[in-house]
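# Breakdown of the fold
Each chain is listed here by its residues.
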Amino acid sequence: MDVSKQPEASMLRPICRALMACGLVFASASASAQGVMVSETLSVSETYTDNVGAANNGTAGSDWITQISPGVAISRKSGRLSGSFAASLNGQFYANDSSRNTSYLQLTSNGAFIAVDDMLFVDFGASIKRESVSAFSSGTLGDELNSSNQELVRRFFLAPRLAFRLGKDINGNLSYRQEWTSGGGQVLDSRNQRTAILSLSNPLAFGPFGWDINYQDRESDGGSAIRSVASQTARATLIYSVSPQLNLRVLGGHERNDYTVGKDVSRSFSGGGFDWRPTDRTDFSATAENRFFGTGYNVSFNHRMPLSSFELGYVRDVASTETTAFVSAADLLFPGIYDALTTISDPAEREAQARALAVLLGSGVPPIGFITNTEFIDRSAWFGFTINGARNTLAFRSSRSERSALSPDLALVPGDDLAKYSRTITKASSISLQHRLNGLSSLTLSYSVSDAKGEGITVQDVSRRALTGGFNTKLSPRTSVSLVLRHQSASGSYDYTENALVGSVSTRF
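Heads up: these notes are all about the structure in this document. (Residues numbered from 1 in each chain as written. Predicted model: local features only at pLDDT ≥ 70, side-chain atom pairs only at ≥ 80, totals over all residues. Heavy atoms only, no water.)

## Some words on the pattern of salt bridges
This structure, assessed with the given rule, holds 23 salt bridges. Here aspartate 317 and arginine 291 are joined by a salt bridge, their closest N and O atoms 3.7 Å apart. Placement of the pair is aspartate 317 in strand S15 (residues 308-319) and arginine 291 in strand S13 (residues 282-291), with a sequence separation of 26 residues. Taking the relative accessible area as the measure of exposure, aspartate 317 reaches 30% and is therefore partly exposed. Here the salt bridges share partners, and the residues they tie into one network are Arg235, Glu255, Arg267, Glu289, Arg291 and Asp317. (Salt bridge = Lys/Arg side-chain N within 4 Å of Asp/Glu carboxyl O. Helix = DSSP H or I, 4+ residues; strand = E, 2+ residues; numbered from the N terminus. Buried < 20%, exposed > 50% of the residue type's maximum accessible area, 1.4 Å probe, protein only.)

## A closer look at unusual backbone geometry
One non-glycine residue, aspartate 118, lies in the positive phi region at around 60°. Mapped onto the elements of the fold, aspartate 118 is located in the loop between strand S4 (102-116) and strand S5 (120-132).

## Concerning the environment of alanine 135
In this fold, alanine 135 is placed in the loop between S5 and strand S6 (150-166). With 236 residues separating them in the primary sequence, alanine 135 and isoleucine 371 have C-alpha atoms 9.2 Å apart.

## Looking at the environment of aspartate 123
If you trace the backbone, aspartate 123 turns up in strand S5. For aspartate 123, a relative accessible area of 27% corresponds to the partly exposed category. C-alpha of aspartate 123 to C-alpha of glycine 83: the two residues are 40 residues apart in sequence and 9.4 Å apart in space. Those residues in contact with aspartate 123 that sit more than four places away from it in its chain are Gly111, Ala112, Phe157, Leu158 and Ala159. (Contact = heavy atoms within 4.5 Å.)

## Describing the packing of aromatic side chains
This structure, assessed with the given rule, holds 12 aromatic pairs. Through pairs of rings, three or more aromatic residues link up here, namely Phe310, Phe383, Phe385 and Phe396. If you follow arginine 177 out to its NZ or CZ, it ends over the ring of phenylalanine 157, 4.0 Å from the centre. The ring of phenylalanine 269 carries the charged tip of arginine 291 above its face, separated from the ring centre by 5.5 Å. (Phe/Tyr/Trp six-rings, centres within 6.5 Å; stacked < 30°, edge-to-face > 60°. Lys NZ or Arg CZ within 6 Å of the ring centre and 35° of its normal.)

## Examining the side chain of serine 182
In this structure, serine 182 sits in strand S7 (residues 170-183). We classify serine 182 as buried; its relative accessible area is 19%. Excluding anything up to four places from it in sequence, serine 182 contacts Leu152, Val153, Arg154, Asp189 and Ser190.

This is how it looks when you write it as structure tokens:
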């Protein structure tokens, strides 16, 4: 066992016990309620790689890697308490280099509690998973066996919300969200972000005219590594309903922040936008504002057809690790696949099939993002589509993200990409195809290309390619096996190639 990983493991033990206890309490409290599902899972995989860790020029050699992952999943969709809890303990064992052996907890939990009907709600959640610490390390981003670029990140949030009415027509919401983020090796300290929001709205105040008022107060504490920052934004929006399908928006507001050391920014801003929904299957929304960092944008378009879905978007805004959480390829593909599976009438079965298909199609496709301990300006654009046929499902996605720290004094952590470079640019495209041989078996093929570039005093550029092919079949309603062949390569600041064969079996009790 790698001694460098022992402190992380010892820190995780009390957290693991507490979180597993929460899951058991959730299950026992829900045991008598309808809509509760509890299942235990076990997954075992064996990987042969000719370049373990995707080392530069293949210097690490080959190895056999065994991964054993027992887990539990709990979900409840009725009553005052609803949500899901899934946790697994992953152990990785290397045949030729036992110093790489490691174990870690992976957890995802989201829930909602109705404290007072139609008035008081509490949302909560937690996640513990490995995330990429840099866009430039060797290995494909998101490869769970690539420990050189993966660190365990723990995220927790608690968000009470009060819904109320003023008079007959004014709707109000008062919410508070507390988020804790820790882990991430040397990049993250113990981050703490608090956000309070008050909103009032009357969509039909004066015939076709309506209004919305929103105030947000946010404070971010980056731990001992960097100073705390705060921002307040007040925004008033006038809405004109041209038709039931089209709304036009004119907005104005005032913002204040202390992102730059020794300087408080306080200024007014204005902007506009529209919301267009010509059919139940099409949504198009766009907003532009002249903010303190320049022009901010938020554009999204979604269109769904009986067997396909399309999406595109563009955002330029202030962001942080909390607002741009690490997203896997399966997470990105799931909404489009779910929208395309319109022939499945049962929502639970539709969600289960969409998630299973997203995992298969996302295998080998790089995720989006890397962790950072600073607020930054994020400019992201993406386009994707999913087409579902009788036997084939095709998914494509292309994205581009540009990040730069809001202030140099906020980017002080040595291992943080936004401290090393004044700007990072990541681009990725992937295409995945699944062919269903029958009701139990399928073939999957995916190809992805990505490029990461860091600009500043020094320049770094890494281009990656990955090709993955796999076979998956069900041995029984609760047991499935898969065989995956992967080839990946990189050029630029890192040069490597890797070929891997992965066999796995998963069962649900």
